[in-house]
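Residue strings, one per chain:
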Amino acid sequence: GTFTQREATDLANVLNNPLDLPLTNVEQYEVGPTLAQDAISSGIKASGIGAARVAGFMIFYYTTGGVIAVLTLIVNVLCILGVLASLGATLTLPCLAGIVLTIGMATDANILIYERMREELALGKTIKTALVAGFDKALITIVDAHITQLVICGVMIWLGTGPIKGFGVTIAIGVFSTLFSVLIFGHVIMDLMIDG
């Protein structure tokens with residue numbers, strides 16, 4: 001503008017501290033690790049409630065198959081926690097979100113299998129034949145969905161940092177644990193129940 005040196009200095013002084021009062025700290029807040037612990041505790045509680053409701057629905061809707069599905073979910077979560085523990089990972093909110101998403105993916109895989117089995121039973125096939133056909137017909141869909149998820153995890157791990165990378169790692173572990181728990185463990189348990 002058209003300010004003189006004196007006017008510019010006066011304006012700068014006014015803007016710096018117009019009241020000519022010293023700055024005193026009246027209140028100060030800090031975010032410590034206890035806030036994160038509260039969030040993790042809430043997340044664990046919410047995850048537990050969600051998992052219990054999913055388990056209740058599966059048992060109510062599929063009865064014996066639902067019990068087996070719940071067993072596969074338990075094995076799935078134990079596998080994830082075991083791998084995370086062996087990697088020395090900490091349980092963060094993104095990690096919890098990855099576990100919850102994995103529970104959803106595993107539940108979806110079980111539902112696909114059981115619905116294919118119901119279709120086969122409706123055609124008059126035996127339970128053993130329906131079991132084999134149910135797993136065979138659902139396999140392509142389950143593997144396709146998990147490969148897609150694995151590609152997304154790869155991008156998150158490659159380009160992400162911090163929480164996003166942790167979320168991607170947890171889901172990647174969950175993809176493999178879901179494939180193991182549903183396609184191998186669940187199939188073996190159902191075979192043993194039918195043969196026994």
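Structural notes, computed from the coordinates. Note that the coordinates shown come from a computational prediction; the quantities given were computed from them, not determined experimentally.

### Let's talk about the side chain of threonine 72
For threonine 72, the position within the fold is in helix H3 (residues 64-87). By relative accessible area, threonine 72 is classed as buried at 1%. Contacts of threonine 72, omitting those with residues within four sequence positions, involve Asn110, Ser181, Phe185 and Gly186.

### Here's the deal with the nonpolar core
Ranked by size, the top nonpolar core spans 24 residues in total, and within it Ile113, Tyr114, Ile142 and Met190 carry the most contacts. Elements supplying a minimum of two residues to this core: helix H2 (33-62), H3, helix H4 (93-122), helix H5 (127-159) and helix H6 (163-195). For this core, the leading source of residues is H4, giving nine residues. When sequence neighbours within four positions are dropped, the list of residues in contact with isoleucine 113 reads Gly134, Phe135, Ala138, Ile142, Val182 and Leu183. If you look at the next biggest cluster of nonpolar residues, it comprises six residues, including Cys153, Ile171, Ala172 and Val175.

### Some points on the state of the cysteines
Inspection of the entire model under this criterion finds zero disulfides. Cysteine cysteine 95 is unpaired, with the sulfur of cysteine 153 as its nearest cysteine sulfur at 13 Å. On the basis of relative accessibility, which here comes to 3%, the residue cysteine 95 falls in the buried class.

### As for the packing of H4 against H5
Contact geometry of H4 with H5 gives a least axis separation of 7 Å together with a crossing angle of 145°. Two packed elements cross with a definite hand, and for H4 against H5 that hand is right-handed. Across the interface between the two elements, Leu101, Met105, Ala109, Leu112, Ile113, Arg116, Met117, Glu120 and Leu121 from H4 touch Ile127, Ala130, Leu131, Ala133, Gly134, Phe135, Lys137, Ala138, Thr141, Ile142, His146 and Gln149 from H5. Residues of the contact of H4 with H5, tallied by class, amount to 14 nonpolar, four polar and three charged.

The rules behind each value
- Residues numbered from 1 in each chain as written.
- Predicted model: local features only at pLDDT ≥ 70, side-chain atom pairs only at ≥ 80, totals over all residues.
- Heavy atoms only, no water.
- Helix = DSSP H or I, 4+ residues; strand = E, 2+ residues; numbered from the N terminus.
- Buried < 20%, exposed > 50% of the residue type's maximum accessible area, 1.4 Å probe, protein only.
- Contact = heavy atoms within 4.5 Å.
- Core = buried A, V, L, I, M, F, W, Y, C linked by side-chain atoms within 4.5 Å.
- Disulfide = S-S within 2.5 Å.
- Axes fitted to C-alpha atoms, helices over the stretch in contact; angles between N-to-C directions.
- Left-handed = near helix turned anticlockwise from the far one by under 90°.
- Nonpolar A, V, L, I, M, F, W, Y, C, P; charged D, E, K, R; others polar.

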